[in-house]
Amino acid sequence: MQKISAYILTFNEAEKIEAAVASVLWADEVVVVDSFSTDDTAKRAAALGARVAEVAFKGFGDLRNRAIEACRYDWIFSLDADERCTKEVRDEILALIAGTPEHDVYRVPRRSYMMGRWIKGSGWYPNFRQPQLFRKGALRYTLEPVHEGFENLSGKPLGTLRNAIWQFPFRNLEEVIRKMDRYSSLGVPKLAGKRVSMASAFGHGLWSFLKHYIFKLGFIDGWAGFVIAFGNFEGTFYRYAKRYEQAQNWQPPESEPIRREG
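Residues numbered from 1 in each chain as written. Predicted model: local features only at pLDDT ≥ 70, side-chain atom pairs only at ≥ 80, totals over all residues. Heavy atoms only, no water.

## Side note on the sheet that holds strand 8 (residues 117-118)
With respect to topology, 4 strands assemble into an open sheet ordered 5-13-7-8, the strand pairing being mixed. On the outer flanks of this sheet lie strand 5 (83-84) and strand 8, each paired with one strand and no other. Bridge analysis of strand 7 (residues 110-114) against strand 8 gives 2 bridges, and the strand direction is antiparallel. The residue bridging M114 from the neighbouring strand is R117, located in strand 8. (Pairing = 2+ DSSP bridges. Helix = DSSP H or I, 4+ residues; strand = E, 2+ residues; numbered from the N terminus.)

Quick look at the structure:
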């Protein structure tokens, strides 16, 4: 049977890393690519038998390419720290690589959970990110700092697994806000060269809210669907607003030293 590496990207994921690593202990190796966490993420991962590679963060595309380089085996399974492999996905992957796979690159559906429920609307199911299972050498990531794309180098079309992994994108509402702030900042370079205004920031944010809550049926998930849509409004609004702030380069008014008179 061909062997498989599972890699996980981390930065300060001490609360999540053990469950993520435990879900892929069936792989022939588990590689945790850590961007110099300041908590005990790396220690916890190593205690479960993962090999930890420290890589400086230069954007997610670069980080994922470095993760591929760190993997030793024929096939690679990509898992994020907020994701969990399931037994069904494990069995499907092992059966696939034991035979003659029809494809070299596979998408993997995700079942996402938030506020204690499986999210079926908001465009979250079936939810796919970049392909998560691929033969080594068949896929390369593009170098955007966030929401990176990929290149299929195999010459074969993409395949799709039948079974879904689980995703827990937010521990709590505080993390929703923190991720919104981080990802909106990482998305600013994508707007370079575009004319933006605070009005356009609001317009893009409003459209993002309506798209997720109405057109992608976020309303079927109750308050969780509303929070997801509102988070997309905030993330989009602040991405454009931060780009506008960058272009304006606002400075405080000039002031002179003030001394006692008389």
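## Some points on the state of the cysteines
Here the structure, examined in full by the defined rule, presents 0 disulfides. Here C71 is not cross-linked by a disulfide; its sulfur's nearest cysteine counterpart is in C85, at 15 Å. Of the residues examined, C85 reaches a relative accessible area of 10% and is grouped as buried. (Disulfide = S-S within 2.5 Å. Buried < 20%, exposed > 50% of the residue type's maximum accessible area, 1.4 Å probe, protein only.)

## A word on the nonpolar core
One finds I4, I8, V21, V24, F77, L133 and L161 to be the most contacted residues of the largest nonpolar core, which totals 26 residues. Breaking this core down by element, the ones donating at least two residues are strand 1 (4-10), helix 1 (17-22), strand 2 (29-34), strand 4 (75-80) and helix 4 (87-98). Among the elements that line this core, the one with the most residues is helix 4, at 4 residues. Dropping the residues within four chain positions of it, V21 is found in contact with I8, V30, V32, A45, L48 and A50. One finds V31, L63, A138 and V146 within the second-largest nonpolar core, a separate group that totals 19 residues. (Core = buried A, V, L, I, M, F, W, Y, C linked by side-chain atoms within 4.5 Å. Contact = heavy atoms within 4.5 Å.)

## Re helix 5 (residues 173-187)
Taking 1.5 Å per residue, 15 residues should reach 21 Å; helix 5 reaches 21 Å between its end C-alpha atoms and fits that length. Buried within helix 5 we find E175, V176, M180, S184, L186 and G187. One side of helix 5 holds all its buried residues, which, seen down the axis, span an arc of 155°. Away from its buried face by more than 90 degrees, helix 5 exposes E174 and I177. (Expected span 1.5 Å × (residues − 1). Arc of directions from axis to C-beta.)

## Some details on the pairing of strand 3 (residues 51-54)
Relative to strand 3, strand 2 runs parallel, the two being bridged by 4 bridges. Paired with D34 across the bridge in strand 3 is E54. As for the winding sense of the linkage, the β-α-β connection from strand 2 through helix 2 (residues 41-47) to strand 3 is right-handed. (Right-handed = clockwise from strand over helix to strand, strands pointing away.)

## Here we look at the pattern of salt bridges
In the structure shown here, the tally under the stated rule is 22 salt bridges. Note that E175 and K16 form a salt bridge whose closest N and O atoms lie 3.1 Å from each other. Remark: K16 occurs in the loop between strand 1 and helix 1 and E175 occurs in helix 5; sequence separation between them is 159 residues. Across the pair, exposure class does not vary: E175 and K16 are buried alike. A salt bridge links R135 to D104; the shortest N-O distance between them is 2.9 Å. A residue pair is termed long-range when its members are at least 10 positions apart, and R135 in strand 9 (residues 133-135) and D104 in the loop between helix 4 and strand 6 (105-107) qualify at 31 residues. Classification of R135 by relative accessible area gives partly exposed; the value is 25%. (Salt bridge = Lys/Arg side-chain N within 4 Å of Asp/Glu carboxyl O.)

## Focus on the sheet that holds strand 2
An order of 3-2-1-4-9-6-12 is seen for the 7 strands of this open sheet, with the pairing classed as mixed. A strand with exactly one partner marks an edge of an open sheet, and here the two such strands are strand 3 and strand 12 (159-160). As paired elements, strand 1 and strand 2 share 6 bridges and run parallel to each other. Bridge assignment links T10 to a residue of strand 2, and that residue is D34.

By themselves, these are just geometric observations and shouldn't be taken as functional.
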